[in-house]
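# Secondary and tertiary structure notes
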Amino acid sequence: MKREKSMLLIVFLFLSSLINQNAYSKEKEDLNFPKGFLWGTATSAYQVEGGIKNDWSKNGLDAGKAANHFEEFDNDFKIAKSLGNNAYRMSIEWARIEPEKDQWNQEGVDFYKKIFKSLKKHGLKPMVTIHHFTNPIWTEKFGGWENKEIIERFAKFTTFLAKTFGDDIDLWLTFNEPNVYALKSFATGDWPPFKKDRQITLYVMNNILKAHAEAYRILHEFDKTDADGDGIACEVGFAQHIAVLEPFWVLNPLDHLMTYFQNKVFNEAFWDACTTGKFDLFIPGLKSINEPFNEKLKNSMDFVGFNYYTRWFIKANGDNVPNEKGELTDMKWEIYPIGLGKSIQLANNYAKKRNLPIYITEVGLSDPNDSKRGKYIVTHTKSMLDEIKKGSNVKGFMFWSLMDNFELADGYGPKFGLMTIDRKIKPSAYIYKEISETNSITEKLAEKYLK
């Protein structure tokens, strides 16, 4: 009898082991990303290249040498490739290409030609942003983005880029975070030209949308080359900034109302306009924007792209505050991986209308000691994978940033890079490498960070 019980126990343990192995195998299979997924890092020209003179440097926010990417780009791409990346998001500095009105700088053209040649050599697919917050100094003479003339100037610049670099680029972003640029530069006054006028902010948003519409059509007219041989010519979108916005006090209807308005303006207005071709924006106390139907603006996205960083709670007076009970970065941004999934759900509302892919164009955190970034990478990519399993067609993920750099008005304080500015690779970079190279969240990473 005792022997029979022992045998039954052995059989039970064996079967349990098989069941657990099968369950784990299934979970492991579920942690694989779709074939052909793009894993990359994101940068912007002014923040990493160095030696650029534009409206920021003129107005006291000079990046100087930045991360000296101007000289180190080939080695930087070699490092990115060694970390398992197959894509790289960058921007082309308008002031480097057109430092004076209608004067094209051949040295700038040659530099970016070298960039694209190096990317191809290292097997990195470029995702290229045309406008990443900065402008040539000469645009200030006519008021920059406050003046409708900027639309024609941006269209001319885009035409030059399409003709010059179209053979090298399949993925274009016309603007990076146009909502953030408009608010920071014209509402809060934190960035050049340091305006504090919410009404002007709406006019600027309107001009940016029209410029995007023109650029979208121009790129499709002039850039018909399939640069990487995947059967698709250029695809055009923009990088929207999405913040998860929730009412500060769930029982306060005024908090809910302000959250609704901020969500419409900040998160949805640009996607709505690029889907419908109409820009209708109402904010209490301001003159509303009611643009007539714009054929060029309608369906002016080939993919839905967005940047995600954190969640904010919204008060009735318009203040945005972090979740003090949550885990915060050194910049007081909440680490909220579920928010990436919520942002994908919002993006999917627009993507599914026309069966568009989704690209996550920036995700990252400032982490001076690199103590939180590893877990951050795993939990955020897991949140993304959960939405992919539910049917969201996410095609790529760009981590901000490849290296520590000039973080705009915050200078060199915040540390967002997978490596330091002197190219010391951080431990978290190898976690991203493991995910990128295996195209999955591996068993080891799942055991450590997802249990």
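Structure shown above.
Below is a short write-up of the structure. (Residues numbered from 1 in each chain as written. Predicted model: local features only at pLDDT ≥ 70, side-chain atom pairs only at ≥ 80, totals over all residues. Heavy atoms only, no water.)

### Digging into the overall build of the protein chain
- Check the secondary structure of the protein chain and you find 14 helices and 11 strands.
- Each principal axis of the C-alpha distribution contributes one length, and for the protein chain these read about 95 × 55 × 40 Å.
- The proportion of buried residues among the 451 residues of the protein chain is 58%.
- Looking at the protein chain alone, contacts between residues at least 24 apart form 74% of all its contacts between residues at least 6 apart.
- When the accessible area of the protein chain is evaluated, it comes to approximately 19700 Å², of which 54% is carbon and sulfur surface. (Helix = DSSP H or I, 4+ residues; strand = E, 2+ residues; numbered from the N terminus. Buried < 20%, exposed > 50% of the residue type's maximum accessible area, 1.4 Å probe, protein only. Contact = heavy atoms within 4.5 Å. Areas by Shrake-Rupley, 256 points an atom, 1.4 Å probe, with all protein chains shown as cover.)

### Concerning the pairing of strand 3 (residues 125-131)
- Most of strand 3 sits inside the fold, with seven of its seven residues counted as buried.
- Pairing analysis gives five bridges linking strand 2 (residues 87-91) to strand 3, with the strands arranged parallel. In the sheet register, Tyr-88 faces strand 3, and the bridge partner there is Pro-126.
- Looking at chain direction, strand 3 and strand 4 (residues 171-176) are connected through four bridges and run parallel. Each bridged residue has a counterpart across the sheet, and for Thr-129 the counterpart in strand 4 is Leu-173.
- Following the backbone out of strand 3, through helix 7 (residues 149-165) and into the adjacent parallel strand 4, one traces a crossover that is right-handed. (Pairing = 2+ DSSP bridges. Right-handed = clockwise from strand over helix to strand, strands pointing away.)

### Here we look at the packing of aromatic side chains
- For the structure on display, the rule yields 38 aromatic pairs.
- Each ring, one from Tyr-112 and one from Phe-165, has its centre 6.4 Å from the other, and the planes form 80 degrees; the classification is edge-to-face. On the criterion of sequence distance, the pair formed by Tyr-112 in helix 6 (residues 106-121) and Phe-165 in helix 7 is long-range, its members being 53 residues apart. Exposure class is identical for Tyr-112 and Phe-165. Each is buried.
- Look at Tyr-181 and Phe-186: their rings are 5.9 Å apart centre to centre, the planes differ by 80 degrees, and that puts the pair in the edge-to-face class.
- Taking relative accessible area as the criterion, Phe-186 reaches 1% and is therefore assigned buried.
- Aromatic rings pair up to connect Phe-70, Phe-73, Phe-77, Tyr-88, Phe-111, Tyr-112, Phe-116 and Phe-165 into one cluster.
- Sitting over the ring of Tyr-336, Arg-311 keeps its end group 3.8 Å from the ring centre. (Phe/Tyr/Trp six-rings, centres within 6.5 Å; stacked < 30°, edge-to-face > 60°. Lys NZ or Arg CZ within 6 Å of the ring centre and 35° of its normal.)

### Considering the side chain of Thr-43
- As for its placement among the helices and strands, Thr-43 is situated in the loop between strand 1 (38-42) and helix 2 (45-48).
- In this structure the side chain of Thr-43 is engaged in a polar contact, spanning 2.7 Å, whose partner is the side chain of Tyr-88.
- Not counting the four nearest positions on each side in its chain, Thr-43 is found in contact with Val-48, Tyr-88, Arg-89, Met-90, Ser-91, His-132, Trp-400, Ser-401 and Leu-402. (Polar contact = N/O pair within 3.5 Å; in protein donor to acceptor, adjacent residues only side chain to side chain.)

### Concerning the packing of helix 9 (residues 198-222) against helix 10 (residues 253-276)
- Where helix 9 contacts helix 10, the axes come no closer than 11 Å and their chain directions differ by 40 degrees. Helix-helix and strand crossings are classified by hand; for helix 9 and helix 10 the assignment is right-handed. For the pair helix 9 and helix 10, contact is made by Met-205, Ile-208, Leu-209 and His-212 and by Val-265, Phe-270, Ala-273 and Cys-274, respectively. (Axes fitted to C-alpha atoms, helices over the stretch in contact; angles between N-to-C directions. Left-handed = near helix turned anticlockwise from the far one by under 90°.)

### A look at the packing of helix 6 against helix 7
- At their nearest, the axes of helix 6 and helix 7 sit 11 Å apart, and the two run at 50 degrees to each other. Judged by the inter-axis angle, helix 6 sits oblique to helix 7. In this structure, the crossing between helix 6 and helix 7 has a hand that is right-handed. Here Val-109, Tyr-112, Lys-113 and Phe-116 of helix 6 lie close against helix 7, whose contacting residues are Phe-160, Thr-164 and Phe-165. (Parallel < 35°, antiparallel > 145°, perpendicular 65-115°, else oblique.)

### Points about helix 10
- An ideal rise of 1.5 Å per residue puts 34 Å on 24 residues; helix 10 reaches only 30 Å between its terminal C-alpha atoms.
- At Glu-268, helix 10 is deflected by roughly 65 degrees, the largest bend along its length.
- The N-cap of helix 10, judged by a side-chain oxygen 3.0 Å from the amide nitrogen of Leu-254 a few residues on, is Asn-252.
- After helix 10 finishes, the residue Gly-277 shows a positive phi value of roughly 85 degrees. (Expected span 1.5 Å × (residues − 1). Bend = angle between axes of the 7 residues up to and from the residue.)

### As for the pattern of salt bridges
- As enumerated under the stated definition, the model contains 28 salt bridges in all.
- Arg-423 is paired through a salt bridge with Asp-76; the nearest N and O atoms lie 2.8 Å apart. Placement of the pair is Arg-423 in the loop between strand 11 (394-400) and helix 13 (427-438) and Asp-76 in helix 4 (residues 69-82), with a sequence separation of 347 residues. For the pair Arg-423 and Asp-76, one class covers both residues: buried.
- Put simply, Asp-370 and Arg-373 hold a salt bridge, and the shortest N to O gap is 2.5 Å.
- Exposure remark for Asp-370: the relative accessible area of 14% places this residue in the buried category.
- Look at the salt bridges and you will find they share partners, linking Glu-98, Asp-102, Arg-153 and Lys-156 into a network. (Salt bridge = Lys/Arg side-chain N within 4 Å of Asp/Glu carboxyl O.)

None of this, on its own, says anything about what the molecule does.
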